[in-house]
Structures are given as structure tokens and as C-alpha cells.
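What follows is each chain in one-letter form.
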Amino acid sequence: MLNLLMKFCRIVESVGEGVTEFEEGDHVLTLFTGECMKCKSCASGKSNICQVLGLERQGLMHSDKKTRFSIKGKPIYHYCAVSSFSDYTVVHSGCAVKISLSAPLEKICLLSCGVAAGLGAAWKVANITEGSTVVIFGLGTVGLSVAQGAKMRGASQIIGVDTNPEKSERAKAFGVTDFLNPNDHDQPIQQVINRITDGGADYAFECVGDTGIVTTALQSCCSGWGLTVTLGVPKEKPEIAAHYGLFLTGRTLTGSLFGGWRPKSDIPSLVDMYLRKEIEIDDYITHNLAFEDINKAFDLMREGKCLRCVIHI
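Here the structure is a predicted model, which means the values were calculated and not measured. (Residues numbered from 1 in each chain as written. Predicted model: local features only at pLDDT ≥ 70, side-chain atom pairs only at ≥ 80, totals over all residues. Heavy atoms only, no water.)

Asks: Tell me about unusual backbone geometry, and name the residues and values.
Replies: In this model, Lys237 sits at a positive phi of 45°, which is unusual for a non-glycine residue. Here Lys237 is to be found in the loop between β12 (227–230) and α8 (245–248). Located in the positive-phi region is Lys277, a residue other than glycine, with phi close to 60°. (Helix = DSSP H or I, 4+ residues; strand = E, 2+ residues; numbered from the N terminus.)

Asks: Describe in detail a nonpolar patch on the surface, supporting the description with residues and values.
Replies: Among the surface-exposed residues, Phe85, Phe291, Phe298, Met301 and Ile313 lie close enough to one another that they form a single nonpolar patch of about 480 Å² accessible area. Considering the arrangement of structural elements, one finds Phe298 in helix α10 (residues 294–302). (Patch = residues over 30% accessible without salt bridge, like charges linked within 9 Å, V, L, I, M, F, W, Y side chains within 5 Å. Areas by Shrake-Rupley, 256 points an atom, 1.4 Å probe, with all protein chains shown as cover. Salt bridge = Lys/Arg side-chain N within 4 Å of Asp/Glu carboxyl O.)

Asks: Mind laying out the side chain of Ser83, listing which residues take part and the relevant values?
Replies: Mapping Ser83 onto the fold places it in the loop between β5 (74–76) and β6 (88–91). Ser83 gets classed as buried once you look at its relative accessible area, which sits at 9%. Apart from residues no more than four positions distant in its own chain, Ser83 is found in contact with Arg10, Phe69, Tyr77, His78 and Thr89. (Buried < 20%, exposed > 50% of the residue type's maximum accessible area, 1.4 Å probe, protein only. Contact = heavy atoms within 4.5 Å.)

Asks: With reference to specific residues and values, describe the packing of helix α3 (residues 114–125) against helix α9 (residues 263–275).
Replies: Where α3 meets α9, the axes come as close as 12 Å, and the angle between the chain directions of the two elements is 105°. Taken together, α3 and α9 sit at an angle that is classed as roughly perpendicular. Contacts between α3 and α9 involve Ala116, Trp123 and Lys124 from the first element and Asp266, Ile267, Leu270 and Met273 from the second. Considering only residue class, the contact of α3 with α9 consists of five nonpolar, no polar and two charged. (Axes fitted to C-alpha atoms, helices over the stretch in contact; angles between N-to-C directions. Parallel < 35°, antiparallel > 145°, perpendicular 65-115°, else oblique. Nonpolar A, V, L, I, M, F, W, Y, C, P; charged D, E, K, R; others polar.)

Asks: Explain the packing of aromatic side chains residue by residue, including any values.
Replies: On inspection of all chains with the given rule, the structure shows three aromatic pairs. For the pair Phe32 and Phe258, a centre-to-centre distance of 5.6 Å together with 75° between the ring planes defines the contact as edge-to-face. Linking Phe32 in the loop between β3 (27–30) and α1 (40–44) with Phe258 in the loop between β13 (252–255) and α9, this pair joins segments that are 226 residues apart in sequence. (Phe/Tyr/Trp six-rings, centres within 6.5 Å; stacked < 30°, edge-to-face > 60°.)

Asks: Provide a residue-level description of the pairing of strand β14 (residues 285–290), including the pertinent values.
Replies: In this sheet, strand β15 (residues 308–312) lies alongside β14 in parallel orientation, the contact comprising five bridges. Looking at the pairing, Ala290 lines up with His312 of β15. (Pairing = 2+ DSSP bridges.)

Asks: Report on the UniProt feature "domain: Alcohol dehydrogenase-like C-terminal" (unreviewed entry) in the protein chain, specifying residues and quantitative values.
Replies: In the numbering used here, UniProt assigns the feature "domain: Alcohol dehydrogenase-like C-terminal" (unreviewed entry) to residues 142–273. The distance from the first to the last C-alpha atom of residues 142–273 is 18 Å, and the span holds 38% helix and 15% strand. (UniProt positions renumbered as here; feature names shortened; annotations may be inferred.)

Asks: How would you summarise the sheet that holds strand β11 (residues 203–206) if you had to cite specific residues and measurements?
Replies: On the basis of which strands lie adjacent, the open sheet formed by six strands has the order β10-β9-β8-β11-β12-β13 and parallel pairing. Of all the strands in the sheet, just β10 (178–180) and β13 have a single pairing partner and so form its edges. Sheet twist, expressed as the mean angle between neighbouring strand axes with direction ignored, is 20°. Relative to strand β9 (residues 157–161), strand β8 (residues 133–137) runs parallel, the two sharing five bridges. Looking at the pairing, Phe137 lines up with Val161 of β9. In the packing of helix α7 (residues 211–219) onto the sheet, contacts are made with β8, β11, β12 and β13, and the angle to β12 comes to roughly 160°.

Asks: An account of the nonpolar core is requested, with residue identities and associated values reported.
Replies: A general feature of soluble globular proteins is that nonpolar side chains tend to end up buried together. Counting 51 residues, the largest nonpolar core has Ile108, Leu111, Ile128, Ile136, Phe205, Ile267 and Leu270 as the members making the most contacts within it. Among the elements of the structure, β7 (96–99), α2 (105–108), α3, β8, α4 (141–152), β11, β12 and α9 are those that each provide at least two residues to this core. Counting residues per element, this core draws most heavily on α3, which supplies six residues. Of all hydrophobic cores here, the second largest spans twelve residues; its members include Val161, Ile189, Ala204 and Cys221. (Core = buried A, V, L, I, M, F, W, Y, C linked by side-chain atoms within 4.5 Å.)

Asks: Give me the lowdown on the state of the cysteines, citing residues and values where you can.
Replies: All chains considered together, the criterion is met by zero disulfides. Cys36 supplies the cysteine sulfur nearest to Cys50, a cysteine that is in no disulfide, at a spacing of 3.6 Å. Not engaged in a disulfide, the cysteine Cys113 finds its nearest cysteine sulfur in Cys80; these two sulfurs lie 8.7 Å apart. The class for Cys113 is partly exposed, based on a relative accessible area of 38%. (Disulfide = S-S within 2.5 Å.)

Asks: How would you explain α10 if you had to name every residue and give the values?
Replies: All of the buried residues in α10 are Ile294, Ala297 and Leu300. Taken around the axis of α10, the buried residues stretch over an arc of 110°, which confines them to a single face. Opposite its buried face, α10 presents the exposed residues Asn295 and Arg302, each directed more than 90 degrees away. After α10 finishes, the residue Gly304 shows a positive phi value of roughly 70°. (Arc of directions from axis to C-beta.)

So, in C-alpha cells, the structure goes:
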């Protein structure tokens, strides 16, 4: 195990028995999903869904299903096995990734989730090809990271769909060529997309967390080879409903967790790309706030006035 200082980006304070890959003073990213390097999934090289260190939703340690924190005898749970809102935390070594000491922790922390998830969905999951058409539903950090990835792959048209008109100009900076607000159109938005893409986009990405949008994204893809990637986590109604004809005509629907990246195998290369200024991270950070102002950060998020707000402890 590791005892770590800071937030999603942390500094190793001490290491537990049997840990040899980290030492005091190392800079690491802590991640909500790990990589044991040994299970069937990790050994296959085909998936990042580790069978040992996968998404932990009970707030417990992967190793013994217990907590490491308590107050007056009552357990304090580890949110997503990371406990990012604490000065000190304990995480499984498989959920920590050593990074370059020169990487700014207050920027690289975005690679623990949002930016990495979007780039991976564009590159690893969809494998966007040059000259293709792309439609993205939801222009938060994840959606705009998909846009950045699509632009870097040479997509000819990147359509961003969002009900917040204030996101139009910002989206263009990340590669969006066409902005659509569904509230501005009399037709269903999938019909608008099919019209302006001559039959549907090559790739569609659902970055909202709404299963109804998943169906809309499928309907926005072209027949024959259209691919829809869903990244959002729905708050309700997790079931997806879609007409079977969408699949009979060649459309594909796939999911994406953390952009398909394997934490230990892949994330260090993303950090290096940032250091070489090959990928953008800084512009996703619209606010920096102290921990005592965290409620303001939630308000900014609900009001659609921020992309990523970095909380400093």
C-alpha cells in the first residue's frame, strides 16, 4: 500500500510492506481503477478492466475490503479507492502510477479522469481515422477532450452538441467545427446531424451520462460502419433502448471506461506527451479554488460555468 500526500496527484510519504516500485518522494497519479498486471484481463492486453483492481464502489480497499480511516471508531470510506479530498490517503499500489517529477501536479491531475477519458475514447476505443466525421454529445471536459483527440487524428468535421450556448466559442478552441444546440432546431437533432453529414457521422460520442442520448447518438451515425462510444455515467435509468434495425444496418455501440487506458502501462506516456506540449491540458482548468470553497466549485459545475475546477488542499 502507499501513504500519499495531496489530491489525485500526490507525493509518496511512505510505502507499505512488499511495495518495491515506489519510494518516498515519488510523484504519482492515483486512479479510480487499477492494473494488477497479472489477471486474465491485464495479461490479455485487450482491456483495462482489471479483475483484481477494477472500479471499487463500496469505499473499501481492494486487498481486504476494509477501510484505513476512522473517526471515533466509525469507519471513513475511501471514495473510489482514492480518497481525493484528504491531505493523506492510503491506496493500493496498483492504483498509483509513477510520473515525472517535472510534471506540474496541479495540471496533470486532470489525467486521472476527464482529459484522459476523452483522448482515449477518440484514439484507443474509436480509433478515429483521418478525414472522418465526428459528433460529440456533451461539451464538458470529457467531450472537449474527445474533440481534441479527433482534431489530432485529422477528422474533417467535428460537431459538438450541447444545450448550453456559452460553450460554443470555447468548443472551437478544442477542435469543434460545428456547434449545435438542440433547442435551436425544430427537427430532432439526429435528423439535423444526418443532413449536414450526408447520412450520418462516422463516429458519435455520448459524454452526458444520459441513456436517451445514447440512442440519439446511434441514430446520428451512418449505416454500414457508424460507431457510437458511450462515456457518460447515467444517474438514473441505466437501461438503453434502441431499435434493432440500427444494428442490423451495421451500426456499433461500445462503452469506454477511462478511455480504454491501462493505468500503469499507458498513463505515463500521456504525461510525457503533455510535457512535450503535444496534448493540451491547461485550458481545461477554468478555476482553481481552495478546499474551503469546494461548495462554490459544485455551484459552478451545476451552472455550467466551468470545465474543470482544481481543488487545492
